[in-house]
Amino acid sequence: MIIALASPCIASTLDEGLDKIKRFLAEASAQGAEIVCFPEAYLPGLRGQDFEVLHWDQAQQERALQVVADWARTYKVATILGMERLTTTATKGGRQIVAFVIDAQGQIQGYQTKNQLDPTEDRFYVPGNTRRLFEINGMKFGVVICHEGWRYPETVRWAAVRGAKIVFHPHHTGSDREGVRLTQWGAAGGPYYEKAMIMRSLENTIYFASVNYALSFAESATSLITPTGECQAYLPYGQEGVLVQSIKVEEATGLLATRYAPERYQEFTLE
């Protein structure tokens, strides 16, 4: 299985964002990728950060989703598209952070909501409340979004115990305006995010694919971690690009995830 992790810069217009998506889908497809993952809420951008989010309404949401679905079919590559989803049933304006999953025939398989919001996101979004597995070309996978994968390892294990071979992790960490320019992946003195990537794979014996924006002061690199916790490959910090890698699905055994025995965690009571 060949996967691709796309790391674009922040888009200043919707058309620019769509153009970047098209370019990375074409590049990934040309290198044989079967699935491409984009960062968290790439369209219209993640609210509460140090950049202006694009204007976003129901019509633009539907247009963007249809256009990307058409390109997935054109380039014959499945796509995980980080977006903001507007819903009339939710409160606070009905905004959710989601990852739409589109197959290589351009059919939308569904979406995964972000269910564990960062505390700073509460004023912008409402959380989802369901999780699901997806399957492309016989490979099962899950999606956890940013804060979920960093702070709530249960979200990754949920997918692993149900047979996921890889968990995709679209996220946003860092800034385009200020911060420290990282030079060494997983450095002891660096932010904890890349160490968390290692743990999510090791804890479950699966692949973990973490996808960031190309930020000037990124706090984590777009990275692929093997089931043994090794960083197989990553993109240079702050550099736009698409990371195309072959994974050995049979090595993602899920061994440690399947050994989890929740029945052994009964609360002790005196008899």
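Before any of the text, the structure's been laid out above.
No experiment lies behind these values; they were computed from the predicted model shown.

Calculation notes
- Residues numbered from 1 in each chain as written.
- Predicted model: local features only at pLDDT ≥ 70, side-chain atom pairs only at ≥ 80, totals over all residues.
- Heavy atoms only, no water.
- Helix = DSSP H or I, 4+ residues; strand = E, 2+ residues; numbered from the N terminus.
- Rg over C-alpha atoms; globule rule 2.2 N^0.38 Å.
- Buried < 20%, exposed > 50% of the residue type's maximum accessible area, 1.4 Å probe, protein only.
- Contact = heavy atoms within 4.5 Å.
- Areas by Shrake-Rupley, 256 points an atom, 1.4 Å probe, with all protein chains shown as cover.
- Salt bridge = Lys/Arg side-chain N within 4 Å of Asp/Glu carboxyl O.
- Pairing = 2+ DSSP bridges.
- Axes fitted to C-alpha atoms, helices over the stretch in contact; angles between N-to-C directions.
- 1 Å grid on protein atoms, 1.4 Å probe; cavity = no way out; pocket = protein on both sides within 12 Å on 5 of 7 lines; lining within 4 Å.
- Points joined across faces, edges and corners; volume = space filled by probe spheres on them.
- Nonpolar A, V, L, I, M, F, W, Y, C, P; charged D, E, K, R; others polar.

(A) Focus on the overall build of the protein chain. The helix and strand inventory of the protein chain stands at six helices and 14 strands. Compactness check: the protein chain gives a C-alpha radius of gyration of 18 Å against a globular reference of 18 Å for 271 residues, within 12% of the reference. Over its C-alpha atoms, taken along the principal directions, the protein chain stretches across nearly 65 × 40 × 40 Å. Counting across all 271 residues of the protein chain, residues that qualify as buried make up 54%. Taking all contacts inside the protein chain whose residues are at least 6 apart in sequence as the whole, residues at least 24 apart take part in 68%. With an accessible surface of roughly 12200 Å², the protein chain has 48% of that area assigned to carbon and sulfur atoms.

(B) The pattern of salt bridges, seen in detail. Going through the model one piece at a time under the given rule, you end up with 12 salt bridges. One salt bridge connects Arg23 with Glu240, and the closest N-O pair in it is separated by 3.1 Å. With Arg23 in helix H1 (residues 14–30) and Glu240 in the loop between strand E13 (231–234) and strand E14 (241–246), this residue pair connects regions lying 217 residues apart in the sequence. Residue class for Arg23 comes out partly exposed when judged on its relative accessible area of 35%. In this structure, Arg73 and Asp70 form a salt bridge, with 3.3 Å as the shortest nitrogen-oxygen distance. One end of the pair is Arg73 and the other is Asp70, both in helix H2 (residues 58–75) and three residues apart, which spans about a single turn. Accessibility expressed as a relative area gives 42% for Arg73, which makes it partly exposed.

(C) Inspection of the sheet that holds strand E5 (residues 108–113) at higher detail. On the basis of which strands lie adjacent, the open sheet formed by six strands has the order E5-E4-E3-E2-E1-E14 and mixed pairing. At either end of the open sheet lies a strand with only one pairing partner, and these are E5 and E14. On average, each strand axis in the sheet is inclined to that of its neighbour by 25 degrees, with strand direction left out of account. Two strands pair when backbone bridges link them, and strand E2 (residues 35–37) and strand E3 (residues 78–86) are joined in this way by three bridges, in the parallel orientation. Following the sheet pairing, Val36 is matched in E3 by Thr79. Running at roughly 175 degrees to E3, H2 makes contact with E3, strand E4 (95–102) and E5 of the sheet.

(D) Seen up close, empty space enclosed by the protein. Scanning the entire structure with this criterion turns up two cavities of 30 Å³ or more. As for the largest cavity, its lining consists of 13 residues, of which Ser7, Tyr213, Thr222, Pro236 and Gly238 are closest to the centre. In terms of residue class, the lining of the largest cavity is made up of seven nonpolar, six polar and no charged. Of the voids in this model, the second largest cavity is the one considered here, and its volume is about 40 Å³. Contributing to the lining of the second largest cavity are Ile10, Ala11, Tyr42, Pro44, Gly45, Phe51, Glu52, Leu54 and Tyr213. Taken together, the residues that form the lining of the second largest cavity break down as seven nonpolar, one polar and one charged.

(E) Looking closely at the layout of surface pockets. Quantified by volume, the largest pocket comes out at close to 250 Å³. Forming the walls of the largest pocket are 18 residues, and the residues nearest its centre are Asp118, Glu121, Cys146, His172 and Tyr193. Considering every element that reaches the lining of the largest pocket, the biggest residue donor is helix H3 (residues 147–151), with three residues. Grouping the constituent residues of the lining of the largest pocket by class yields five nonpolar, seven polar and six charged.

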